Each structure stands twice: as structure tokens, then as C-alpha cells.
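Structural overview
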Amino acid sequence: MSVHPPGPPVWALPGLLRKLAVDRLGMMRDAARLSDAVRVSMGPKKLYIFNRPDYAKHVLADNAANYHKGIGLVESRKVLGDGLLTSEGELWRAQRRTVQPAFKPGRIAAQAGAVAEESARLVELLRRRVGGTPVDVLQEVTGLTLGVLGRTLMDTSLDGHGGIAHAFEAVQDQAMFDMVTQGLVPTWVPFATQRRFRRARRELTRIVDELVADRGARLAEGDDDAFARMILAARERKDPVLARRLLQEELVTLLLAGHETTASTLGWTLLLLARHPPVRDLVREEARAVLAGGRLPEAEDLHKLTYTMQVVQEAMRLYPPVWILPRIAQGPDEVGGFGVPAGADVLVCPYTLHRHPDLWDDPERFDPGRFDPSRIAHRHRYAYIPFGAGPRFCIGSNLGMMEAVFVTALVTRDLDLTVVPGHQAVAEPMMSLRMRGGLPMTIRPAD
């Protein structure tokens, strides 16, 4: 007979609920310290938090059909609507089928040249700031990821659309506000967060309409980028009003998911390298050996930059781009012997799973050697899920990894980045673990 997961002690409950509003990472860490399965009452809601690889496997893969997108992502529908990140059922399956060919490994490998060129463009931008005032490297890598997205998945230049990133910050702030207030505050109420959200929504609608008009006018037979496929699918819909709305929502989702998580990963990776010079030196040595003569990386170099890959993987262990996977149980279920009622909010948190002391030695330590093939062999497949898992595994993971490895290798090969003294990088959990306050760094040529 199944039982409910244990709840927190009475003395711990107020602290957990307070942290839900002001420190969601702290709440998840506190819950993980209590047990691998925790049930938290939040007014009428019950949160079921699971923190074991086999529990994650059940929710995300084995019985994925019973778990739809949940708290946080549900609130994001106000701007993302029914894009690939938030849609469900047959609509989600149709959207996934539409864009899946654009993410096939062979096509992504063919985009290596574009990724390398955009990476080199970032290096040159940073090189021009050598010896100058500190640079917000997080802002610059965000521009890079938007550039890569436009070239590889949209056949569109996103230059001049730098406001996209700021608009998405307002969108995510609103989603978190709605989560904490349980969606009870209408968007017309003139709170600062809500005003920013309304402006951001208008700006995103304007941008995507311009992008659709431009790309639609240039469509040619045989175009197979994700954006072209989305436009062609929209033209096949019988209801033009519905087609336009869904295309807008699908494109907003592509823009958000296509740049935010990779920018976050790059920011944390470069920060960790700056903090760990011996690791940085090993990355530089590998990059100079593999990419000798200052050449740009090609697709086959991805498998030669093995230590650089391990560094990126370890950065994603400590700061997973998808830091939490919220679900809502559609029917009653049992997870590891614990009963989960229909309608329950279920949370699987890669951030705490990746730091579980039973799964990782000295889990808070930055150690790229964890991802040496000899050490991976006996690790539970679901102990490490930076891109999610199951049917909704991140469709852009291959492109994101190529981008992160190429940028890390080129930047480290040519430049030394130093964090501005006194700067504290604070993880702010939105769609990804972005850094509050950016990443100010000084730049000099590498030795």
C-alpha cells in the first residue's frame, strides 16, 4: 500500500514557504536535505518533490504520459502560449514532428561552420576590449547565442533585436510572480512586474511579426530550418487566426529556449574557469593542440575537444540549464512506493539531484574529471539530466553543446578572463540558472 511522502517538520514549513517566494533554490536545497521524497502543503496546493534518479526516471520517462508541464511553465503560457515548451498532447506531438528534422545530428553538424564563425566573432569583440573597462561577458554571450540561433535554426539575422533578451527577463519575472501568487493577480493590476510584462509582450509580438514577414517572403523550396518548417506548417492550418497565433507562440518559444539556456551555461562555464586556473590551463592546452594555428573548429573537432566537453558538462552539473522540471499529475500514481494524487504538483530538480551526496563525491566541488568515460560507466543514467529526460528531452541539446564547447575552447585559447574583484555571481532561477547582476570581467591576451 502506497503512503504519502513525509512532510517537513512543523518548524521547517514556514521557512520553506517563505523561500518559495524569495529563494526557490534554497527551498529545493532544504527539501532535499529533509528527504528524497517530500510533500509540502502550500495552501490548496500540495508539492511533491522527488530527488532520486529512479524517481526522476518514473516521472519523466516511464510514466511521462501522466505528467503534464506544471507550476512555473503553466504561468509562462501568458506569453509562450502553446509553444513547444508548454503545449501538451497531440498539439505538442505535431509541433515536435514539424521541427524535429531541423535538429537531426547531421544537420546540426552541418551548422558547425556558422557556430564557429559566431564564436570567433565573440572572441574578436572581447579582444577589442583588452585592457579596457570591465565587460559584462554574460551580455556578450547572450548576443552570441542569439546570433547562432538566427543563423542555424532560422536563416535570419537577429542583429538589431537585442531587446529580445530583456523582454524575456520581464516574461520570466512575471511567470515567477504568478507562481508565487498562484495566478490570482490579474495582469492589468499596475504592479511594476506586471507593467514590464505587458510592455515585453507587446515588444515580442512586434518582433516576431517582423521576423515571420521577413522569413515568409524568402521561403524557397527545400528550406529545412526550424523557422521555415514552422511557417509552412502554419500555412497548412485551415483557421488563419489560429495559425497566426500558434506561429507567434512557437517562434517566441524558439527564441527563448534557443538562446537562454546556452547563454547561462556559457556564463557559468567561463566563471568557473576564471576561478580555477589549473582547469583553465588544461582547456587552453587542449584547444591550442586541437585548433593549432589559430584555426576555427569544425564538426569533427567536437569529439577531439574531450576535456573541454567535460568542463562544460561539469558546469551544467553544478548549474544545470534546466534547473527544475515541474509537472502536474493527470491521474493518481505511485512513485517509489509513495502515492501521488491526480492534480498534484510534482517537482524533479536537476540542481539538487546533481548535488546529491549519495550520487556524487564531494558534490559542491568543481571537478571536470567526473565526466571522464571511465567514471561515467557505473553512474545511474538519471543522476545527470541537465537537458531533462524522457519524451520532452531538450530538442536543441546537440546544438547547445556544440556552441558551448566551441565558445569555451576559442575564448580560453586566446584570452584570459578575470572576474571583477568583489563580484558575487548569484544564481537566479528563471527558465535557466541565469546570473543576477551579469558577469563583469576584465580581459587580457592569454599567455
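As the structure is a prediction and not an experimental result, all values here were calculated from the model.

Enumeration according to the criterion identifies 38 salt bridges in this entry. Taking the shortest distance from any N to any O, the salt bridge between Asp281 and Arg284 comes out at 4.0 Å. Of this pair, Asp281 and Arg284 both sit in helix H13 (residues 277-290), 3 residues apart, which is roughly one turn of the helix. Judged by its relative accessible area of 7%, Arg284 is buried. Of the charged contacts, one joins Arg375 and Asp367 as a salt bridge, the two residues approaching to 3.4 Å between their closest N and O atoms. Among the residues examined, Arg375 registers a relative accessible area of 40% and is labelled partly exposed. Judged by its relative accessible area of 13%, Asp367 falls in the buried class.

All chains considered together, the criterion is met by 1 cavity of 30 Å³ or more. Together, Leu270, Leu273, Ala274, Arg280, Arg284, Val411, Thr412, Leu415 and Leu417 line the largest cavity. Elements that contribute at least two residues to the lining of the largest cavity include exactly helix H12 (240-275), H13, helix H17 (397-414) and strand E9 (415-419). Ranked by residues supplied to the lining of the largest cavity, first place goes to H12 with 3 residues. Classifying every residue of the lining of the largest cavity gives 6 nonpolar, 1 polar and 2 charged.

What counts and how
- Residues numbered from 1 in each chain as written.
- Predicted model: local features only at pLDDT ≥ 70, side-chain atom pairs only at ≥ 80, totals over all residues.
- Heavy atoms only, no water.
- Salt bridge = Lys/Arg side-chain N within 4 Å of Asp/Glu carboxyl O.
- Helix = DSSP H or I, 4+ residues; strand = E, 2+ residues; numbered from the N terminus.
- Buried < 20%, exposed > 50% of the residue type's maximum accessible area, 1.4 Å probe, protein only.
- 1 Å grid on protein atoms, 1.4 Å probe; cavity = no way out; pocket = protein on both sides within 12 Å on 5 of 7 lines; lining within 4 Å.
- Points joined across faces, edges and corners; volume = space filled by probe spheres on them.
- Nonpolar A, V, L, I, M, F, W, Y, C, P; charged D, E, K, R; others polar.

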